[in-house]
Amino acid sequence: MGARDTLINGLDPSRQAALARLWQVLPAMRLVGGCVRDLLADRPIADIDLATPEPPEQVMERLRAYGAHVVATGLQHGTVTAVLDGAPYEITTLRRDMETDGRHAVVRWTQDWQADAQRRDFTINAMSVDQAGVLYDYFGGQADLAAGHVRFVGAPALRIKEDALRILRFFRFYGRYGHGAPDQQAVQAITCGVALLDGLSVERIWMELRRILAGPNVAAILRLMDSTGVLARILPEGHTLDRCVRLLDDGAPANALLRLAGLTMHTAAVARRLKLSRAETGALAALSRAAPLPDVSMSEVALRRLVAEEPADVLAGRIWLHQAAQPRTAEEKATFAQLRHRVCGLTVPAFPVAGRDVLAMGGQAGPEVGRIVGLVRQWWLDGGCHADAQACRAQIALYLGTKAAQS
């Protein structure tokens, strides 16, 4: 296929210019993997992956001679990064897998493009394009992409044995690019090889699960993961698939943490085991917290108090989860939607004073400052968060005066 105009020209001009410079140095280099797939699918290009038959040391030598900034980002895997105009371009030497243990591979450099493509996971990720715009497709990836068929390169069981993360990658790519029935050979191999997931690091599992949950067609993908035994394997604490599906069907935002909160009742244990970041753990805990939930009958004052205590998107997330806890009528769903609209439409009230105000008014530094700020804040909340700074300072003066009188 000599369709340069329909592929390489699908990139933005700055990337085309950078590639033209790289091809001056490495004329045998090709675009590989996901960028080729997404150019063919006319989807946005996130990263550009490049491959070349020259060994990494020679790649670095040529690039430096050309004047490019070069970083040895993964020499053991044959990967170097060229930085052009501040943008990184990863270039990897063609490889063969010599040994695999389900997580890592011992590789050997090769000049055989088909051998390098053979080690990739799916046919839609195994294509490459040279500088003339010629597409190289050794395993029918273009036809599979057009048909919505996510298919392993070669024997699915072997590909999974080489790296068990490919089980989860199958679901992610099927959610994004697949349609129709899933590949039955892939499904069978995943079902038989599900125990191999136990050998993966929890960080890698969460990386893929997060992408699955944030992606499209999540309900169908989660059902397929459940039927193959994958969901129970990666969430041994238990899952609430029906609740999550209701959450998805109701149109909740495409937020991975919200969807994870809908998928399990054991969010704290899941966050610990999967080693979520501190920010992710906090967000998941906030969504799952057993706290007062906004009610449609609440006054504006009561709602303002809630929004002052927690972000509106967290409160809206809890409303979504409460709605999904059981099947709802259309009328009930409309009521929940009205409540979310009210919560998200409120201006977030800001508490207008702080500890420095207490000190400026004669308070003594120490725990008493925090206590007075807490008392004034509670007074401010009880009043619907309407009191301004002057009124709050008057309360500070009142508490300071009371304390002085007591002493």
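Cut-off values and rules
Residues numbered from 1 in each chain as written. Predicted model: local features only at pLDDT ≥ 70, side-chain atom pairs only at ≥ 80, totals over all residues. Heavy atoms only, no water. Core = buried A, V, L, I, M, F, W, Y, C linked by side-chain atoms within 4.5 Å. Buried < 20%, exposed > 50% of the residue type's maximum accessible area, 1.4 Å probe, protein only. Helix = DSSP H or I, 4+ residues; strand = E, 2+ residues; numbered from the N terminus. Contact = heavy atoms within 4.5 Å. Axes fitted to C-alpha atoms, helices over the stretch in contact; angles between N-to-C directions. Parallel < 35°, antiparallel > 145°, perpendicular 65-115°, else oblique. Nonpolar A, V, L, I, M, F, W, Y, C, P; charged D, E, K, R; others polar. Expected span 1.5 Å × (residues − 1). Arc of directions from axis to C-beta. Lys, Arg positive; Asp, Glu negative; His and termini not counted. Salt bridge = Lys/Arg side-chain N within 4 Å of Asp/Glu carboxyl O. Polar contact = N/O pair within 3.5 Å; in protein donor to acceptor, adjacent residues only side chain to side chain. Pairing = 2+ DSSP bridges.

A.B. asks: Now, about the nonpolar core: what can you tell me, with residues and values included?
C.D. replies: Residues Phe 170, Phe 171, Leu 213, Leu 222, Met 225, Val 230 and Ile 234 are the most contacted members of the largest nonpolar core, which totals 59 residues. Considering each element in turn, this core owes the most residues, eight residues, to helix α7 (residues 165-177). Ignoring anything within four residues of it in the chain, the contact list for Phe 170 reads Phe 122, Val 150, Phe 152, Pro 182, Ala 186, Ile 190 and Leu 224. One finds Leu 11, Leu 31, Leu 63 and Val 70 within the second-largest nonpolar core, a separate group that totals 30 residues.

A.B. asks: Summarise the packing of helix α12 (residues 241-249) against helix α13 (residues 256-263); cite the residues concerned and give the values.
C.D. replies: It is at 7 Å that the axes of α12 and α13 come closest, and there the two elements cross at 140 degrees. Comparing the axis directions of α12 and α13 gives the class oblique. On the side of α12, the interface is formed by Leu 241, Arg 243, Cys 244, Leu 247 and Leu 248, while α13 contributes Leu 258, Arg 259, Ala 261, Gly 262 and Leu 263. Residues belonging to the contact of α12 with α13 are distributed by class as follows: seven nonpolar, one polar and two charged.

A.B. asks: Requested: an account of helix α1 (residues 13-25), with residues and values cited.
C.D. replies: Note that an α-helix has 3.6 residues per turn; residues three or four places apart therefore point the same way. Over its 13 residues, α1 extends 19 Å from the first C-alpha to the last, a length consistent with the 18 Å expected when each residue adds 1.5 Å. For α1, the complete set of buried residues consists of Arg 15, Ala 18, Leu 19, Leu 22, Trp 23 and Val 25. Here the buried residues of α1 occupy an arc of 145 degrees about the axis, which is enough to place them on one side. Across from the buried face of α1, at angles greater than 90 degrees, the exposed residues are Pro 13 and Gln 24. Those residues of α1 that are buried are in contact with β1 (30-32), β2 (49-52), α3 (56-66), β4 (79-84), β5 (87-93) and β8 (128-129).

A.B. asks: Explain the side chain of Arg 340 to me, using residue names and the numbers behind them.
C.D. replies: Within the secondary structure layout, Arg 340 lies in helix α18 (residues 330-345). Of the side chains with opposite charge, Asp 250 comes closest to the buried, unpaired Arg 340, at an N-O distance of 7.1 Å. A distance of 2.9 Å separates polar atoms of two side chains, one belonging to Arg 340 and the other to Gln 323. Non-local contacts of Arg 340, meaning those with residues more than four positions away in its chain, are made with Ala 316, Ile 319, Trp 320 and Gln 323.

A.B. asks: Can you break down the sheet that holds β8 residue by residue, with the values?
C.D. replies: Taken in spatial order, the seven strands line up as β3-β4-β5-β2-β1-β8-β9 in an open sheet, and their pairing is mixed. Looking at strand neighbours, the two that pair on one side only are β3 (69-74) and β9 (135-136), the edges of this open sheet. Looking at chain direction, β8 and β9 are connected through two bridges and run antiparallel. Pairing of Val 129 across the sheet is with Leu 135, part of β9.

A.B. asks: I'd like a description of the pairing of β2, backed by residues and values.
C.D. replies: Two strands pair when backbone bridges link them, and β1 and β2 are joined in this way by three bridges, in the antiparallel orientation. Residue pairing in the sheet places Val 32 in a bridge with Asp 49 of β2. Two elements, β2 and β5, share four bridges in a ladder whose sense is parallel. For Leu 50, the partnering residue across the bridge sits in β5 and is Ile 91.

A.B. asks: How would you summarise the environment of Leu 31 if you had to cite specific residues and measurements?
C.D. replies: Position of Leu 31 relative to the elements: it lies in strand β1. In sequence terms Leu 31 and Ile 91 are 60 residues apart; their C-alpha atoms lie 9.3 Å from each other. For Leu 31, the residues in contact, after removing those within four places along its chain, are Ile 8, Leu 11, Leu 19, Val 36, Leu 39, Ile 48, Asp 49, Leu 50, Met 127, Ser 128 and Val 129.

None of the figures reported here should be taken as evidence of function without further support.
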